Structures are given as structure tokens and as C-alpha cells.
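This is what each chain is made of:
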Amino acid sequence: NAGVIQTPRHKVTGKGQEATLWCEPISGHSAVFWYRQTIVQGLEFLTYFRNQAPIDDSGMPKERFSAQMPNQSHSTLKIQSTQPQDSAVYLCASSLDPGGARDTQYFGPGTRLLVL
Amino acid sequence: AQSVTQPDARVTVSEGASLQLRCKYSYFGTPYLFWYVQYPRQGLQLLLKYYPGDPVVQGVNGFEAEFSKSNSSFHLRKASVHWSDWAVYFCAVSMDNYAQGLTFGLGTRVSVFP
């Protein structure tokens, strides 16, 4: 079991450019979560898919951020017109059973995004 | 909305000494509580989790945590710390019965010295 895979591990973009982050959940897991980690704000929930359908995007910034899950094996987080304040580690997690809050979320290593 | 407070940003402990990390949550309902650890340059790993039942939960690597509804707390303990426990520890809460994004505390950075 390779765990949750996130690519790239590091990404540097210029201000105003687009950044796409990829996540491959653990095989068989039905729920995929995205979080953002910064020193100041800590770990913040962004969005969540269950069986590829978007369920909760209450943590997503209303502008420039979007997430998709086109198939069960990967999800993408896209940031348009990146700004320096978007610099953070973006974490993806997956869980086996979307029906229960008790289910463990398994985290990937994260993508460290730096916007210059 | 639920929230999690970890009052200690940093804790320094000697190897072999005991460790307690504090976590207070705010939620009106049945919380599901988690402790995650983040080792240097690694992702988050689950240490243990609580859902309604025995208030003392055993985790990996000798960690345990105790849930207290009256104190709204979920403190983490370890009897004897090892140098490999040098990491950042996060407390998190989820609510009710459906899967959702976790709400995390800001974390406690633990440094272990010989």
C-alpha cells in the first residue's frame, strides 16, 4: 500500500500563474479531503469529495480555488492567478468509509507551494 | 462551529520523562477526537482516536489519551518519551456521525533532549 500520493512535492510559481496539485487516494477509499497548512493559520480544511462527488467546499476560498475529482483514483486542486498568500503546504487525505466521522483520514506527504 | 485549542505551542522534555499534551475542544454534541503526529518532513500520522465509549484510548508507540466531557478535554500522555518522539502533535475534532473535514488545533511542538 503506497499510501496517499501527492504530486508534485514542491512547486514554485510566479505571482499570477496557475498551479495544479494532484492527489491519488488510497485504493478503495471513497472519501478525499484537501487541507492547507501554514504557520499562521495551522491546518485548515478546504474541501471534501465522497465517491467523486463534491460534498463540502466550505473551506475553499471563493475566488481562484477549485477542486475536482474526475475519477476514483485522483483529485486535483487548482489555484488560478496565484498570490504570495497562497504559499502553503497543501495536504490531501483519504478515508475508507465515507459514512462515519470516526473513520481515520490518511494523509499524504503534502505539496509545498511557494508563490514568488 | 467546533474549535480546538492546544494551549502549549512548545514543550521541551528530557528523554525518559513523561509527557502530557493538552487539548481542549468546543462543540455541543458528540465529538470524535483524534491525535495526529507530524514528524520532520513527513505527513500527518494518526496516533489514536476517540469515539463514544471508554474515555481512555490507547494508541501507537505507547501513547494514550483521556477524554473528559466535563472538562471538554482530550489530553495526550506518554509515560516515557523517546528521542524519536520529537515532532509536532495535533489534536483534531470531528462532529456527529458523518465524514467531514477535521478541525485541528495549532499543534504542540515537542522537543526531546538527552
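All figures in this text were calculated on a predicted structure; none of them were measured in a lab.

Enquirer: Would you mind showing me how to read the environment of S87 of chain A here?
Expert: All names here are of chain A. One can find S87 in the loop between strand 8 (74–79) and strand 9 (88–95). Separated by 25 residues in the primary sequence, S87 and R112 have C-alpha atoms spaced 7.6 Å apart. Those residues in contact with S87 that lie beyond four places of it in its chain are T38, L113, L114 and V115. A polar contact of 3.0 Å, which involves the side chain of S87, links it to the backbone oxygen of P84. Polar contacts involving the side chain of S87 include one to the main-chain amide nitrogen of V115, which spans 2.9 Å.

Enquirer: In this structure, what is going on with the pattern of salt bridges? I would like to understand it.
Expert: Opposite charge on two side chains lets them pair, provided their charged atoms get close. The tally for this structure, following the rule as stated, stands at six salt bridges over all chains. The residue R64 of chain A makes a salt bridge to D86 of chain A at a minimum N-O spacing of 2.6 Å. With a gap of 22 residues between them, R64 of chain A in the loop between strand 6 (53–56) and strand 7 (65–71) and D86 of chain A in the loop between strand 8 and strand 9 connect regions that are remote in the sequence. Under the relative-accessibility criterion, R64 of chain A is labelled partly exposed at 25%. Its salt-bridge partner being E64 of chain B, residue R77 of chain B comes within 2.6 Å of it at the nearest N-O pair.

Enquirer: Would you explain the side chain of T47 of chain A in this entry?
Expert: Residue and element names in this part refer to chain A. As for its placement among the helices and strands, T47 is situated in strand 5 (residues 42–50). For T47, a relative accessible area of 3% gives the class buried. In terms of polar contacts, T47 uses its side chain to reach the backbone carbonyl oxygen of D56, at 3.2 Å. Setting aside chain neighbours within four positions, we find T47 in contact with V32, F33, W34, D56, D57, M60 and A67.

Enquirer: What exactly am I supposed to notice about the pairing of strand 5 of chain A here?
Expert: Taken residue by residue, a regular strand's side chains alternate between the two faces of the sheet. Residue and element names in this part refer to chain A. The buried fraction of strand 5 is high, at seven of nine residues. Of the pairings in the sheet, the one linking strand 4 (residues 31–38) to strand 5 comprises eight bridges and is antiparallel in character. Across the sheet, residue V32 finds its bridge partner in strand 5, namely F49. Hairpin remark: strand 4 followed by strand 5, antiparallel, with three residues in the connecting loop. In this structure, strand 5 lies alongside strand 6, joined through three bridges in antiparallel fashion. Paired with Y48 across the bridge in strand 6 is D56. Joining the antiparallel neighbours strand 5 and strand 6 is a turn of two residues, in which N51 adopts a positive phi near 50°.

Enquirer: In this structure, what is going on with the packing of aromatic side chains? I would like to understand it.
Expert: Here a ring pair, both rings aromatic, is described through the centre-centre distance and the interplanar angle of the planes. What the rule picks out here adds up to 14 aromatic pairs over all chains. Between the aromatic rings of Y35 of chain A and F45 of chain A, the centroid separation amounts to 5.9 Å while the plane-to-plane angle is 70°, which identifies the pairing as edge-to-face. Of the two residues, Y35 of chain A sits in strand 4 while F45 of chain A sits in strand 5, which places them 10 residues apart along the sequence. The structure contains a cluster of three or more aromatic residues connected by ring pairs, namely Y35, F45 and F107 of chain A together with F34, Y36, F90 and F104 of chain B.

Enquirer: Sorry if this is basic, but what is going on with the layout of surface pockets here?
Expert: In this approach a probe as big as a water molecule rolls over the atoms, and the regions it shows empty are the leftover space. Estimates place the volume of the largest pocket at around 850 Å³. Considering the residues around the largest pocket, the lining is formed by 31 residues, among which Q37, I39 and R112 of chain A together with Q38 and R109 of chain B are closest to the centre. Elements that contribute at least two residues to the lining of the largest pocket include exactly strand 4, strand 9 and strand 11 (111–115) of chain A together with strand 10 (87–95) and strand 12 (108–113) of chain B. The residue inventory of the lining of the largest pocket, partitioned by class, reads 16 nonpolar, 10 polar and five charged. Here the second largest pocket is characterised by a volume of approximately 190 Å³.

Enquirer: Would you take a moment to explain the side chain of R36 of chain A for this structure?
Expert: All names here are of chain A. Note on placement: R36 falls in strand 4. Owing to a relative accessible area of 13%, R36 belongs among the buried residues under this scheme. Every residue in contact with R36, bar those within four places of it in the chain, is listed here: G42, L43, E44, L46, P61, F65, A88, V89 and Y90.

Enquirer: Hey, could you run me through the interface of chain B and chain A in this one?
Expert: Frequently, the measure chosen for interface size is the accessible area that the parts lose on association. Contacts between the two partners involve 22 residues from chain B and, on the opposite side, 23 residues from chain A. The interface formed by chain B and chain A contains zero salt bridges. Between the two partners, chain B and chain A, sit four residue pairs in polar contact (both at pLDDT 80 or more). Among the elements of the structure, strand 5 (31–38), strand 6 (44–50) and strand 10 of chain B are those that each provide at least two residues to the side of chain B that touches chain A. The element contributing the most residues to the side of chain B that touches chain A is strand 5 of chain B, with four residues. Across the side of chain B that touches chain A, the residue classes tally to 13 nonpolar, six polar and three charged.

Conventions adopted
- Residues numbered from 1 in each chain as written.
- Chains lettered and ligands numbered in written order.
- Predicted model: local features only at pLDDT ≥ 70, side-chain atom pairs only at ≥ 80, totals over all residues.
- Heavy atoms only, no water.
- Helix = DSSP H or I, 4+ residues; strand = E, 2+ residues; numbered from the N terminus.
- Contact = heavy atoms within 4.5 Å.
- Polar contact = N/O pair within 3.5 Å; in protein donor to acceptor, adjacent residues only side chain to side chain.
- Salt bridge = Lys/Arg side-chain N within 4 Å of Asp/Glu carboxyl O.
- Buried < 20%, exposed > 50% of the residue type's maximum accessible area, 1.4 Å probe, protein only.
- Pairing = 2+ DSSP bridges.
- Phe/Tyr/Trp six-rings, centres within 6.5 Å; stacked < 30°, edge-to-face > 60°.
- 1 Å grid on protein atoms, 1.4 Å probe; cavity = no way out; pocket = protein on both sides within 12 Å on 5 of 7 lines; lining within 4 Å.
- Points joined across faces, edges and corners; volume = space filled by probe spheres on them.
- Nonpolar A, V, L, I, M, F, W, Y, C, P; charged D, E, K, R; others polar.

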